[in-house]
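An overview of the molecular structure
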Amino acid sequence: MAPHHPSQFHYTPATSSHFHPNALFEEDWPSVAQVPSANPNSTSNSQPDPSRVPTMPSTHFLSLARNPTIGSSTVTSTSTTADGLSVPVSVRRGVDTSTTSAADFDVDAKTGFMPTRSPVVTLPGELEEVWERVLSAAIEGGGLTLGQYVETQAQAEKNAQWRKIVDEMPVLSIAPIRHSEVYLRRAHHVLTFILHFYIHSQLPLTGPGPHPPHRIPSCLAIPLTELSKELVMPPILTYADNVLYNWSLRDPTEALSVENVKMVNTFSNTQSERHFYLTSARIELRGVEALELMKSCMDEAFIGDRISLQRIVDYLRRLSTVIDDMAALLMAVRDECDPHEFYTQIRPWFNGWSPGAREWLFEGVDGEDQAKFASLPSSTR
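An account of the accompanying structure is given in this report. (Residues numbered from 1 in each chain as written. Predicted model: local features only at pLDDT ≥ 70, side-chain atom pairs only at ≥ 80, totals over all residues. Heavy atoms only, no water.)

Re the overall build of the protein chain
Helix and strand counts for the protein chain come out as 9 helices and 6 strands. Taken across its 381 residues, the protein chain has 42% of its residues classed as buried. Of the contacts formed within the protein chain by residues at least 6 apart in sequence, a portion of 74% connects residues at least 24 apart. Summing over all exposed atoms, the protein chain offers an accessible surface of approximately 20400 Å²; the carbon and sulfur share of this is 55%. (Helix = DSSP H or I, 4+ residues; strand = E, 2+ residues; numbered from the N terminus. Buried < 20%, exposed > 50% of the residue type's maximum accessible area, 1.4 Å probe, protein only. Contact = heavy atoms within 4.5 Å. Areas by Shrake-Rupley, 256 points an atom, 1.4 Å probe, with all protein chains shown as cover.)

Digging into the environment of Leu-227
Structurally, Leu-227 is set in helix 4 (residues 218-231). Taking relative accessible area as the criterion, Leu-227 reaches 0% and is therefore assigned buried. A C-alpha to C-alpha distance of 9.8 Å links Leu-227 and Leu-191, two positions 36 residues apart in sequence. Apart from the residues lying within four places of it in its own chain, the contact partners of Leu-227 are Ile-174, Leu-184, Ala-187, His-188 and Leu-191.

Some points on the nonpolar core
Grouped together as the largest cluster of nonpolar side chains are 62 residues, with contacts concentrated most on Trp-131, Trp-162, Ile-194 and Phe-197. Counting residues per element, this core draws most heavily on helix 3 (residues 181-200), which supplies 10 residues. If you look at the next biggest cluster of nonpolar residues, it comprises 8 residues, including Ala-290, Ile-312, Tyr-315 and Val-322. (Core = buried A, V, L, I, M, F, W, Y, C linked by side-chain atoms within 4.5 Å.)

Considerations on the side chain of Thr-279
Here Thr-279 is to be found in helix 6 (residues 271-286). In this structure Thr-279 comes out as buried when scored by relative accessible area, which is 5%.

Remarks on the packing of helix 7 (residues 288-303) against helix 8 (residues 306-331)
Running from amino to carboxyl end, helix 7 crosses helix 8 at an angle of 165°, the nearest separation of the two axes being 9 Å. Regarding the angle of helix 7 to helix 8, the classification is roughly antiparallel. The two elements helix 7 and helix 8 cross, and the hand of that crossing is left-handed. Residues Glu-289, Ala-290, Leu-293, Met-294, Ser-296, Cys-297, Glu-300, Ala-301 and Ile-303 of helix 7 touch helix 8, and the partners they reach there are Ser-308, Arg-311, Ile-312, Tyr-315, Leu-316, Arg-318, Leu-319 and Val-322. For the contact of helix 7 with helix 8, a count of residues per class yields 11 nonpolar, 2 polar and 4 charged. (Axes fitted to C-alpha atoms, helices over the stretch in contact; angles between N-to-C directions. Parallel < 35°, antiparallel > 145°, perpendicular 65-115°, else oblique. Left-handed = near helix turned anticlockwise from the far one by under 90°. Nonpolar A, V, L, I, M, F, W, Y, C, P; charged D, E, K, R; others polar.)

Comments concerning the packing of aromatic side chains
A full pass over the atoms with the stated rule returns 12 aromatic pairs. Aromatic side chains Phe-342 and Phe-350 sit 6.5 Å apart centroid to centroid with 65° between the ring planes, which places their arrangement in the edge-to-face category. The exposure class of Phe-350 is buried, given its relative accessible area of 2%. Taken together through their ring pairs, the aromatic side chains of Trp-162, Phe-193, Phe-197, Phe-267, Phe-276, Tyr-277, Phe-342, Tyr-343, Trp-349 and Phe-350 make up a single cluster. Above the plane of the ring of Tyr-198 lies Arg-163, whose end atom (NZ or CZ) is 4.0 Å from the centre. (Phe/Tyr/Trp six-rings, centres within 6.5 Å; stacked < 30°, edge-to-face > 60°. Lys NZ or Arg CZ within 6 Å of the ring centre and 35° of its normal.)

Regarding helix 9 (residues 339-346)
The set of residues buried in helix 9 consists of Phe-342, Thr-344 and Ile-346. On its buried face, helix 9 sits against helix 6. Put simply, Asp-338 is the residue that caps the front of helix 9, since its side-chain oxygen is 3.2 Å from the backbone nitrogen of His-340. (Polar contact = N/O pair within 3.5 Å; in protein donor to acceptor, adjacent residues only side chain to side chain.)

Concerning the side chain of Asn-265
Mapped onto the secondary structure, Asn-265 falls in the loop between strand 5 (262-263) and helix 6. Its relative accessible area of 11% is what places Asn-265 among the buried residues. A distance of 3.0 Å separates polar atoms of two side chains, one belonging to Asn-265 and the other to His-189.

Remarks on unusual backbone geometry
One can expect most non-glycine residues to show negative phi and most peptide bonds to be in trans. Although it is not a glycine, Val-232 sits at a positive phi angle of roughly 55°. Val-232 sits in the partly exposed class, given a relative accessible area of 26%. You will see that Asn-269, though not glycine, has its phi angle at about 55°, which is positive. You can call Asn-269 partly exposed: its relative accessible area is 44%.

Encoded structure:
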C-alpha cells in the first residue's frame, strides 16, 4: 500500500442503529449427502440443536462494538483510570458493524448499488451557472487534451484558457444543497471531474525535480472538501462519480435495466470510455440478483436447520449462474472499448497523486483537511 501523507483525509462510513445478532448458525452443518429430500416450501417446525449453535467469536465483525456517532472522524468515549475515575477520551470512529441491513450500505433491493432514480444532471441556481458551466466547457467542442499528449499550440492554448476559467471561479457555498443527497452527489461528480480535468490538462514539467505541487485553487478545493465531508467520500474522482451517479435512462418511460441505461459525462468523449462505464453499470444491475441470493443465504443460515441448508445449496447454484452472466458482461467490454484508446486517452484522466509525481495541494484547506493522495487510480476507490 502506498504511504499516506499525515494530513490525508480520514473518512469512515456513517453509522446507524439496528438489531445486533448474537449468534450465527455457521458451523457443524450436516453434509449435503445427509440432507433428506424435502419440499422447499415445507413449514417444518424442526429447530437447530442449541448445543450445536456456536456463539460468534469476539473478533467476528458482527461482534464488534457499534459506534453511535455520525459525521465525525473521532468520537468521545470514556476510560476508567487506575483509581476508578471515568475520564473522556477521543477515539477514532470505525465502521458500524451492528447492522447487515442493505439500506444502511446504500444498497437497494431493485437496483443494488445503483441509485433507485436517475441521478440529477444539473445543479440548482448559482451552482449551475458556475460549476456546471465550467464542466461543460471542458467536455464540449472536442474536450480538453491530456497534458502529456498535447502536440499543438492550439491544444495547449485551449487547455490554458479553460484552466483560467477555473482559476477565476468564485468560492461558492454548498449550503443550498447541504441537505440534499442527490444534489451533493451531483456536485461531487461535477467538481471531481473539474479537478481531474484541471490536474491532467497541465503540461508536464521538464527538467530535474523535485517539482512544485499541483495547486488546486480554493474556489475548487474548499467546496469539494466540504461536500466530500457531507458524503463521507474522498475529495477525488471515485467509481461512484464515473459510474453509479453518471447515468440516465435510454427510455425514460421504462424501468432501469441492463438494456435501459446510458452514460452521461466522459473525459475523452469517446465510445470506448462510454462503453467502459456502461460495462460496469450493467454488471452492477445484473448483480442485484446476486445480492438478493446472498441475503437469502444469510437468512437461511440464521435458521440453521436441514431444510435451510438445502435451500442455501439451491441459492448458491443460482448464484453461480448470475456470476457467469456478470463475467460475460465484463468480457463484453472488449466489444466497444479499444485497449490502446483506453490506456492513452482515457485511463490517465482517472489518476490520483502517486509517490514520485507532483503532489496535489488544496489551497484554502488546512489541518487534516489538507489532502495528499495515494497512488491507486482514484476511480477504483
